[in-house]
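# Structure assessment
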Amino acid sequence: MSVTSLPGRYGIGCFSKSAYDFVDWLREAGQTCWQILPLGPTSYGDSPYQSFSTFAGNPYFISLEELTEEGVLTKKECQSADFGKRADDIDYEKIYKNRYPLLHKAYERSRISEDPDYVCFAEENRWWLADYALFMAVKERFGGAPWTEWAEDIRLRRDYAMDYYRRELYFDIEFQQYLQYKFFSQWKKLKAYANEKGIQIIGDIPIYVAMDSADAWAHPELFQLDERNMPAAVAGCPPDGFSATGQLWGNPLYRWEYHKSTGYDWWMSRMWFCFQMYDVVRIDHFRGFDEYYSIPYGEETAVNGHWEKGPGIDLFRCMEQRLGKHQVIAEDLGYVTDSVRKMVQESGFPGMKVLEFAFDSRDSGSASDYLPHNYAENSAAYTGTHDNETIAGWFRSITDEERQMARDYLCDQHTPAEELYKSFIALVMRSRSDLCIIPMQDYLGLDNQSRMNQPSTLGKNWKWRLVKGELSDELKEEILAITRRYGRMNQNHHLI
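Let us look at the structure shown here. (Residues numbered from 1 in each chain as written. Predicted model: local features only at pLDDT ≥ 70, side-chain atom pairs only at ≥ 80, totals over all residues. Heavy atoms only, no water.)

### Remarks on the packing of aromatic side chains
Summed over the entire model, instances satisfying the criterion amount to 57 aromatic pairs. Geometrically, the ring pair formed by Tyr254 and Trp266 is tilted, given 5.9 Å between the ring centres and 45 degrees between the ring planes. Placement of Tyr254 in the loop between strand S4 (247-252) and helix H11 (256-261) and of Trp266 in helix H12 (residues 265-277) is noted, with a sequence separation of 12 residues between them. Side by side, Tyr254 and Trp266 carry an identical accessibility label, which is buried. On the numbers, 5.6 Å between centres and 90 degrees between planes, the contact of Trp266 with Trp267 is edge-to-face. As far as the burial class goes, Trp266 and Trp267 line up, both buried. Across from the ring centre of Phe83, 5.8 Å away, lies the NZ or CZ of Arg99, which sits over that ring. Seen from the ring of Trp217, Arg157 lies directly overhead, with NZ or CZ sitting 4.4 Å from the centre. (Phe/Tyr/Trp six-rings, centres within 6.5 Å; stacked < 30°, edge-to-face > 60°. Helix = DSSP H or I, 4+ residues; strand = E, 2+ residues; numbered from the N terminus. Buried < 20%, exposed > 50% of the residue type's maximum accessible area, 1.4 Å probe, protein only. Lys NZ or Arg CZ within 6 Å of the ring centre and 35° of its normal.)

### Section: the sheet that holds strand S9 (residues 351-354)
The parallel open sheet is built from three strands, whose spatial order is S9-S10-S11. With one partner strand each, in any of the chains shown, S9 and strand S11 (435-437) form the two edges of the open sheet. Ignoring which end each strand starts from, the neighbouring axes of this sheet average 25 degrees apart. Of the strand pairs in this sheet, S9 and strand S10 (residues 379-382) are connected by four bridges, and their pairing is parallel. Opposite Val354, over in S10, you have Tyr382 as the bridge partner. (Pairing = 2+ DSSP bridges. Axes fitted to C-alpha atoms, helices over the stretch in contact; angles between N-to-C directions.)

### A word on helix H1 (residues 17-28)
The first and last C-alpha atoms of H1 sit 17 Å apart over 12 residues, in line with the 16 Å expected at 1.5 Å per residue. Taken residue by residue, H1 has Ser18, Ala19, Tyr20, Phe22, Val23, Trp25, Leu26 and Arg27 as its buried positions. Those residues of H1 that are buried are in contact with strand S1 (33-35), helix H9 (170-196), helix H19 (440-443) and helix H20 (473-485). Immediately downstream of H1, the backbone of Gly30 shows phi near 80 degrees, a positive value. (Expected span 1.5 Å × (residues − 1). Contact = heavy atoms within 4.5 Å.)

### Looking at the packing of helix H4 (residues 92-110) against H9
Relative orientation and spacing of two packed helices are given, respectively, by the angle between their axes and the distance between those axes. At a closest axis distance of 10 Å, the pairing of H4 and H9 adopts a crossing angle of 100 degrees. With respect to H9, the element H4 is oriented roughly perpendicular. Contacts between H4 and H9 pair Tyr100, Leu103, His104, Ala106, Tyr107 and Ser110 from the former with Phe171, Glu174, Phe175, Tyr178 and Leu179 from the latter. When grouped by side-chain class, the residues that make up the contact of H4 with H9 number eight nonpolar, two polar and one charged. (Parallel < 35°, antiparallel > 145°, perpendicular 65-115°, else oblique. Nonpolar A, V, L, I, M, F, W, Y, C, P; charged D, E, K, R; others polar.)

Next up, the structure:
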């Protein structure tokens, strides 16, 4: 479940008391892991997979309650801001317009430059924070325009322009650094609390960075950009079951030869940073390291792309040598070739098994990989992911033939369709997979109105939220019972 989906006031889930309550609830339900979506600052479209930075945190997650306790905001100021009317939905436009002014007010009252912990944080993180804070301040100066549309001198980072904007935007830059200090202070505290309760945090990182990001602006040498720092080709994936015209993500592609020549320094920094933030890291679109889909810049769909070779296992061997062994989940979904299978196997990382892919009447060959009796122990089993329909919505949307295939597999012709989601959860829970992750919407039996994301669509995604009362004692006991039944209990449960 995404942090944004936590219940509570002020329009969006964040690192407030409801996050700590959720951790307590998870432990009491016998859980050991909480998988979240990426935590970076989101751009147009609100996707956590398109962020202004691969290192920065999203200021939306900063708890306003904590800021009121510090005395830099008042409850009245927070309560009078309009964050939208619906408790089960996120109004990103209103949050953007009304949360930042509050955060700016908190910054102005904070006297942050006198805080030795802030000074230490800014110094320790200067290697990414200085570029990010300047990027966001300049972006604001240019009315939010992407950096590719800025004045040429700052777009190309000429020394005199960098010096000018650092002086001119000093307090705007400090504000951005303040937001990151607050984000990371609060996140560190929440993660420590979860770990203390026996809950591991599974983080999630996109393989690519956004074109409109501090990463692409500050380090154009890492990407396939021309002399004007414009992309020659961009990322996506070909037509598949999700989309007939493929997915045109638009991210800049990596210049892998350059990365290799540096010993993958940037990737090592990125992964090291993630291993500080999370207990386990899920890497999205893992197959892109074997081969990546390259689409000519300017295309309107992904149809005319082609595959090119990525760094393969070399990157992960380097990672183990330089960073040691860490827990990683490889998102190896979609069209999987023999070379991808080999790379995942050589890496030793568990791949993903998604039950919804198991009953595809058009593709019985690869579908069988997703039948639970075929799961290897070294895998992570899911009913569905944030990109899928909910399990209840999926069962309604598939063909009669596929519904019959699923019932035959369950040996269950009689359970009413609206109750069948529990049987699907039990199915993956009793698989051999070492790890089993169930989206919260599936535990609640919700339909596709509660779907988190529909790939290749804009405006209706990333909005779902729990409402007060849905995290009931009854649901907690149900989850505890099924977790105990299939031997997946949190060992700290006896401490309750």
